[in-house]
Amino acid sequence: MILEGILVRAVQMSTPLLLGSLGEVIVERTGVMNMAIEGIFLLGAWAGFTGAYITGSLAAGFLGAIAAGVVVGALYGWITVFLKQHQIVTGVALNILAAGIGIFFYRVLFGVPLLPLTVEPLRPLAVPLLSGIPILGPALFRQNILTYLAWGAMPLGWWVLFRTRTGLVLRSTGADPEAVDAAGLSVERVRFGAVLAASALSGLAGAFYSIGYLGLFSNDMIGGRGWIAFALCFLGNWNPLGALLGAVVFGVADAAAITLQTSGIRMVPNEFLIALPYMLTIAATVARKRFNVPASLGTAYFKEEK
Amino acid sequence: MTEKKREKPPLYESLTDPDGIPASLFFPALSVVLGLASAGALMLFLGHNPVAVYLDLFSFAFRDIYNIADIFAKAAPLILTGLAFAFAFQAGLFNIGAQGQFYLGAVASAACALFFPFLPSRLLLPLCAAVSMTAGGLWGSMTGYFKARFNANEFLVSMMSTYVAVAVMDFLVRSPLREAKGEYPQTDVLAEAAWIPSFLPGTRFHWGFFLALAAAGAAWILLWKTTLGFRMRAVGRNRAAARFAGIREKSVFVSVFLLSGAFAGLAGFIEVNGVQHMVVQGFNPLLGAEGIGIAVLGGAHPFGVVLSALLFGALKVGGLLVTQTSSVPSSIIAILEGFVMLYVILSFYLRHRLKLAGARKRAASGGKEP
């Protein structure tokens, strides 16, 4: 029972990590890091909750979260891609700003409620027959729509990146922007578009925490999980399938921590379980030997100089 | 050289010269004003008049000697977390983990004071300071070591290490260091011998502020007057060139993170022994992030960091009173910081464009300027 519970929750908890890391893989392949990801996760969670609470429709919530992600992404892309300012410094500023704005407007809209406001989160959709398989059935075939979508998006992302012309352009922009420029394409536009796409995915990922899973919004609900999605892009070697593998490992760690905490089993301090995903990230960052870093990652492209 | 000394530059040029002192004061000041305006615009959503709120804020901050003294008390740890980021930034490295280094420094300092309550003040205080710097420094140097040894991404490692440090602190104050009453996750109050003496009696302004100032001075001397500092800045400017010049960048990574973590750890000593006199789970959760904002606003220069920290200290004192006495939520302070950082970044772009325009103008007029 505990094993089944952990598996179901692991597949569920991997959903936002999949969406966020897929976006990160796409954008980093073009040479830009989406450093605003933690703030976009939190703002996505806020916008998703707000949209769903006000309209009573989860779909509206998810659309709102995507829109919030795109707005932050547009600001980040404008400053880093077009104005060519430092990606990490800009990201840090936007993360602080986005977190403050989400919490501020929660207060503006809802005041200080005595009990946290809630919405009904996404319901699981069971696939007939398959969900009856013992242990694996519920984990893989009794999940909500966003989880199915996230798992499907990874192979699709791989196919787009490595098997289509669009993917070739994306990868070339990160590896050899001069060549893309020489081919008559705008490096800046490709990068800006990728930032927007990645931010939309991250906004959606953030909303999973508020309306896909818990049904409420709180200030500390992301708690660094945006950074874990960011790390998965590195650990997955800038490949959606690698990120998928990593997200499963982290989903299991997260799920095991939550399950063991709530089941009352005390083998190690709770804090150890809470810290486990972060320690795993550090260990994996350290252990990763061969990197396939996009050559121009983190550097602005100046057309006139080359 | 027969060329006569250039006349005093007109205001416009001195402001737009990216390396000049006026520009390095004018643009941050402009960013603060724009940040205040933007955060003020958001207050309109709450039906507040931002001008009135800001007048309140500054009149609260400077209302009486107690509040003015509090600005210095608030600025002291901010100077140190600001230095932690700025110091690494000068070497081209990103220490995003100051919050975790601060927490471990705080817990270590409290533990030291609780274990040796019988020591006299003059021994206990330096010991606590040394222990907090060691704890923060060692925790920070782990990031540097992983970067040097395994080429790990220092941004990610320092970021993740903060969440681990928070868990370590939570565990320590929940279990081994928990107060004797066992009621809340916090330590006992430290013995008075472990309190940093007050500078202005009756206020929270304690000598720790001058320790932070000394740390800023030490950072400046280290960076600009020593060989180690030269190596650090060389690595920051151009890693490849530094390598060709024979600088061992790996040892630079470790020493930068060791020192940077020691600054943040010392902030723990200053806050625990100077103001809180105990450790409460999850106290001052934004100190690390605020340090980043302060370092960016201060141009990553130790003296700029001191000035920005004093400004942030004033905003915090006034902001806290405003959020306590009106319905403006305290997240407005984070929004303000975010906007200010954003405008500083945009001003980098503006300064770059103005410099280019100035150079073109000189070139077009056939000036002899290079």
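Structure's up top.
These numbers were taken from a predicted model, which means no experiment stands behind them. (Residues numbered from 1 in each chain as written. Chains lettered and ligands numbered in written order. Predicted model: local features only at pLDDT ≥ 70, side-chain atom pairs only at ≥ 80, totals over all residues. Heavy atoms only, no water.)

A. Region of interest: the environment of Ser199(A). Residue and element names in this part refer to chain A. One can find serine 199 in helix α9 (residues 187–214). Residue serine 199 is classed as buried on the basis of its relative accessible area, which comes to 0%. Discounting residues that sit within four places of it in the chain, serine 199 has contacts with Asn34, Ile40, Gly69, Val70 and Gly73. (Helix = DSSP H or I, 4+ residues; strand = E, 2+ residues; numbered from the N terminus. Buried < 20%, exposed > 50% of the residue type's maximum accessible area, 1.4 Å probe, protein only. Contact = heavy atoms within 4.5 Å.)

B. Broad picture of the pattern of salt bridges. In the structure shown here, the tally under the stated rule is 10 salt bridges over all chains. With its nearest N and O atoms 2.7 Å apart, the salt bridge here joins Arg174(B) to Glu271(A). In this pair, Arg174(B) sits in helix α7 (residues 154–174) while Glu271(A) sits in helix α12 (residues 270–287), so the two residues belong to two different chains. Classification of Glu271(A) by relative accessible area gives buried; the value is 8%. The salt bridge involving Glu183(B) is made with Lys181(B); its shortest N-O contact spans 3.9 Å. Each of Asp70(B), Lys74(B) and Arg204(B) takes part in one network of salt bridges that share partners. (Salt bridge = Lys/Arg side-chain N within 4 Å of Asp/Glu carboxyl O.)

C. Broad picture of the interface of chain A and chain B. On the chain B side, the residues contacting the 41 residues of chain A number 41 residues. On the chain A side of the interface with chain B, the three residues burying the most area are Ile96(A), Phe104(A) and Glu271(A), jointly 18% of the side's total. Along the contact surface separating chain A from chain B lie one salt bridge. Linking chain A with chain B are two residue pairs in polar contact (both at pLDDT 80 or more). (Buried area = accessible area lost by both parts, 1.4 Å probe. Polar contact = N/O pair within 3.5 Å; in protein donor to acceptor, adjacent residues only side chain to side chain.)

D. A look at the packing of aromatic side chains. What the rule picks out here adds up to 43 aromatic pairs over all chains. Ring geometry for Phe234(A) against Trp238(A): centres 5.1 Å apart, planes inclined by 50°, an arrangement best described as tilted. Since its relative accessible area comes to 0%, Trp238(A) is described here as buried. Where Phe85(B) meets Phe94(B), the ring centres are 6.0 Å apart and the plane angle is 65°; that geometry is what we call edge-to-face. Both residues of the pair, Phe85(B) and Phe94(B), belong to the buried class. Taken together, Phe72(B), Phe199(B), Phe205(B), Trp207(B), Phe209(B) and Phe210(B) form an aromatic cluster joined through their ring pairs. The ring of Phe302(A) carries the charged tip of Lys84(A) above its face, separated from the ring centre by 5.5 Å. (Phe/Tyr/Trp six-rings, centres within 6.5 Å; stacked < 30°, edge-to-face > 60°. Lys NZ or Arg CZ within 6 Å of the ring centre and 35° of its normal.)

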